Amino acid sequence: MAAQGPHSYPAYEPSAPPYPPVQSPQGPYPPPTYHYGAPPPVSVAGPYASHPSYAVYHGSSHMVNHQTNVPLQPQAQWMQAPTPIPNCPPGLEYLTLIDQIIVHQVVELVEALVGFETKNKYEVKNGLGQRVYYAVEDSDLCNRMCCGSNRAFIIKILDNIGQTIMHLVRPLGCGSCCCPCCLHQLEVQAPPGKAIGYVVQKWHPFIPKMSIQNENRETVLKIRGPCLAMSCLGDVNFEVVSRDESSVVGKISKKWTGLVREYFTDTDNFGIQFPMDLDVKIKAVLLGACILVDFMYFEQNSGAGHSRVWQM
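Residues numbered from 1 in each chain as written. Predicted model: local features only at pLDDT ≥ 70, side-chain atom pairs only at ≥ 80, totals over all residues. Heavy atoms only, no water.

A. Structural context of the overall build of the protein chain. A tally of regular secondary structure across the protein chain gives four helices and 16 strands. Residues counted as buried form 36% of the 312 residues belonging to the protein chain. When contacts within the protein chain are restricted to residue pairs at least 6 apart in sequence, those whose partners lie at least 24 apart make up 42%. For the protein chain, the computed accessible surface area is about 18,100 Å², with 59% contributed by carbon and sulfur atoms. (Helix = DSSP H or I, 4+ residues; strand = E, 2+ residues; numbered from the N terminus. Buried < 20%, exposed > 50% of the residue type's maximum accessible area, 1.4 Å probe, protein only. Contact = heavy atoms within 4.5 Å. Areas by Shrake-Rupley, 256 points an atom, 1.4 Å probe, with all protein chains shown as cover.)

Okay, structure coming up:
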């Protein structure tokens, strides 16, 4: 029936299209303004509207912040465990894949506040910042308080599942540069109980020197430090040289961590560089050499009540 009145409209014939005209109606609702499969525009309101506090899942195991698009990673990320390698001590397979190590000493608040010497702890990471090992000192209280940085200890190296894969064994040493007896040394065991190398201090009146030895106590490499191993507003480099000291093959660097941390704590950061194709056992011995360098030259000597930051 046609509408009546001054604004009446003519009736549509049965064959006329509906008003307003639409193309291929699919239901009572108008068609979407975007193609299916593509995300809706930012201005679209409703449950799909963007919100700065939402985390959007992108098909991976990590959540991504929608505003910064940065994956929310855990603080400690472990390096992926490699496959076992024949003739390689268990747990040292990680070292076959890297040519540098970052050794970060964990901050001890008790030691920083009251000067109480606690057991040292280290995080061992690769160049990407992924944790490779975790090192924990095993020593008694009397030894730490009376002998300070010259104390005897066993450093336990643990992998990502908490299994002890290496021991760094150090006997009591002498801290005097004038006496060539009772020099510092460290034995590297992997697995614990089986020696794979040694770090032996070589006496010199002015320059810090060490030899890197294999399981047969044969010198493979040498370490040569600066005349004054002093951390003063900069890095301190200990060169890893060939047996005849004709070429430099790597280095152990004590990283400058800031005036406050350097003065009030003995927390240190080190970097170790070596050739990728170096024997994995010697890489492990260089890790032990880095720990020994920390104790000999940069560890706070709480037994003497002062900081010994250099030694000839």
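There is more to say, and it comes next.
B. Up close: the side chain of Gln-213. Tracing the chain through its elements places Gln-213 in strand β10 (residues 209-214). A distance of 3.3 Å separates a polar atom in the side chain of Gln-213 from a polar atom in the side chain of Ser-211. In this view, Gln-213 contacts Gly-197, Tyr-198, Val-200, Lys-202, Glu-218, Thr-219, Val-220 and Val-285; residues no more than four positions away in its chain are not counted. (Polar contact = N/O pair within 3.5 Å; in protein donor to acceptor, adjacent residues only side chain to side chain.)

C. Layout of the environment of Lys-255. Summarising the element assignment, Lys-255 is placed in strand β13 (residues 248-255). Under the relative-accessibility criterion, Lys-255 is labelled partly exposed at 32%. Each C-alpha atom of the pair Lys-255 and Val-103 lies 9.9 Å from the other, and the pair is 152 residues apart in sequence.

D. Highlighting the sheet that holds strand β7 (residues 164-170). Ordered in space as β3-β4-β5-β6-β7-β8-β9-β10-β11-β12-β13-β14, the 12 strands form a closed barrel in which the pairing is antiparallel. Shown here is a sheet whose adjacent strand axes are inclined to one another by a mean of 20°, direction ignored. Bridge analysis of strand β6 (residues 153-158) against β7 gives six bridges, and the strand direction is antiparallel. The residue of β7 that forms the bridge with Phe-153 is Arg-170. Here helix α4 (residues 280-298) sits on the sheet in contact with β3 (100-105), β4 (121-125), β5 (131-138), β6, β7, β8 (185-189), β9 (195-202), β10, β11 (219-224), β12 (236-241), β13 and β14 (269-273), set at roughly 35° to β9. (Pairing = 2+ DSSP bridges. Axes fitted to C-alpha atoms, helices over the stretch in contact; angles between N-to-C directions.)

E. Representation of the packing of aromatic side chains. Enumeration according to the criterion identifies five aromatic pairs in this entry. When the ring of Phe-238 is compared with that of Tyr-297, the centres are 5.6 Å apart and the planes differ by 35°; the resulting orientation is tilted. With Phe-238 in strand β12 and Tyr-297 in helix α4, the pair connects residues that are 59 residues apart, well separated along the chain. Given a relative accessible area of 1%, Phe-238 falls into the buried group. Judged by relative accessible area, Tyr-297 falls into the buried class, the value being 1%. Here the aromatic residues Phe-238, Phe-270, Tyr-297 and Phe-298 are joined through ring pairs into a cluster of three or more. Of note, Arg-217 hangs over the ring of Tyr-198, and the distance from its end group to the ring centre comes to 3.8 Å. (Phe/Tyr/Trp six-rings, centres within 6.5 Å; stacked < 30°, edge-to-face > 60°. Lys NZ or Arg CZ within 6 Å of the ring centre and 35° of its normal.)

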